[in-house]
Amino acid sequence: MPHTASAWKRLRKSEKRRRQNRAAAKKLKGQRKEVAAAIIGTDATKSATEVKSTQAMLDRAATKGYIHKNKAARLKSRLVKRLRAAATKPAPAAK
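Just so you know, these numbers come straight off a predicted model, no measurement behind them.

1. Looking at the pattern of salt bridges
Step number 1: Under the counting rule described, the total for this entry stands at three salt bridges.
Step number 2: Among the ionic pairs, Glu15 bridges to Arg18, the shortest N-O distance being 2.9 Å. Within this pair, Glu15 and its partner Arg18 are both found in helix α1 (residues 5-40), separated by three residues, close to a single helical turn.
Step number 3: Since its relative accessible area comes to 29%, Glu15 is described here as partly exposed.
Step number 4: Notably, a salt bridge pairs Glu15 with Arg19, separated by 3.8 Å at the nearest N-O pair. Here Glu15 pairs with Arg19, and both are found in helix α1, just four residues apart, close to one helical turn.
Step number 5: Here the salt bridges do not stand alone but share partners, grouping Glu15, Arg18 and Arg19 into one network.

See below:
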């Protein structure tokens, strides 16, 4: 346990930052799962809008320092790559 007032304050600040970082990470993870489900689905316009909103969310998280800017760029690149692959893949044939 901290002994000085400055150590107590540092503990409070680090705990607050930890909660904010975890909340942001959970929100990003949930959004990425939604995009993955939308890409697998058949609605191309919905998946494109989901990817766009996820890209904006990743940019915001990188700007605020929740994730590194290179990680945001990497995740955005992978999202677009998956979206394009799903767009070129032929639809399943009906039996």
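We are not done yet, so read on.
2. Observations regarding a positive patch on the surface
Step number 1: A grouping of Arg22, Lys26, Lys29, Arg32, Lys33, Lys71, Arg74, Arg78, Lys81 and Arg82 is seen on the molecular surface, where their side chains present a positively charged patch.
Step number 2: Going through the elements one at a time, α1 and α3 (69-88) are the ones with two or more residues in the positive patch.
Step number 3: Classification of Arg32 by relative accessible area gives partly exposed; the value is 37%.

3. So, the packing of α1 against helix α2 (residues 44-64)
Step number 1: Axis separation between α1 and α2 bottoms out at 9 Å; the angle between their running directions is 160 degrees. On the basis of their axis angle, the class for α1 and α2 is roughly antiparallel. Considering the relative orientation of α1 and α2, their crossing is left-handed. Across from Lys27, Leu28, Gln31, Arg32, Glu34, Val35, Ala38 and Ile39 in α1, the residues of α2 making contact are Ser47, Glu50, Val51, Ser53, Thr54, Met57, Leu58 and Ala61.
Step number 2: Residue classes in the contact of α1 with α2 are distributed as eight nonpolar, four polar and four charged.

4. Structural notes on the environment of Thr42
Step number 1: As for its placement among the helices and strands, Thr42 is situated in the loop between α1 and α2.
Step number 2: Judged by relative accessible area, which is 84%, Thr42 ranks as exposed.
Step number 3: Sequence spacing of Thr42 and Arg12 is 30 residues, and the spatial spacing of their C-alpha atoms is 47 Å.

Procedures and definitions
- Residues numbered from 1 in each chain as written.
- Predicted model: local features only at pLDDT ≥ 70, side-chain atom pairs only at ≥ 80, totals over all residues.
- Heavy atoms only, no water.
- Salt bridge = Lys/Arg side-chain N within 4 Å of Asp/Glu carboxyl O.
- Helix = DSSP H or I, 4+ residues; strand = E, 2+ residues; numbered from the N terminus.
- Buried < 20%, exposed > 50% of the residue type's maximum accessible area, 1.4 Å probe, protein only.
- Patch = residues over 30% accessible without salt bridge, like charges linked within 9 Å, V, L, I, M, F, W, Y side chains within 5 Å.
- Areas by Shrake-Rupley, 256 points an atom, 1.4 Å probe, with all protein chains shown as cover.
- Lys, Arg positive; Asp, Glu negative; His and termini not counted.
- Charge placed at Lys NZ, Arg CZ, Asp CG, Glu CD.
- Axes fitted to C-alpha atoms, helices over the stretch in contact; angles between N-to-C directions.
- Parallel < 35°, antiparallel > 145°, perpendicular 65-115°, else oblique.
- Left-handed = near helix turned anticlockwise from the far one by under 90°.
- Contact = heavy atoms within 4.5 Å.
- Nonpolar A, V, L, I, M, F, W, Y, C, P; charged D, E, K, R; others polar.

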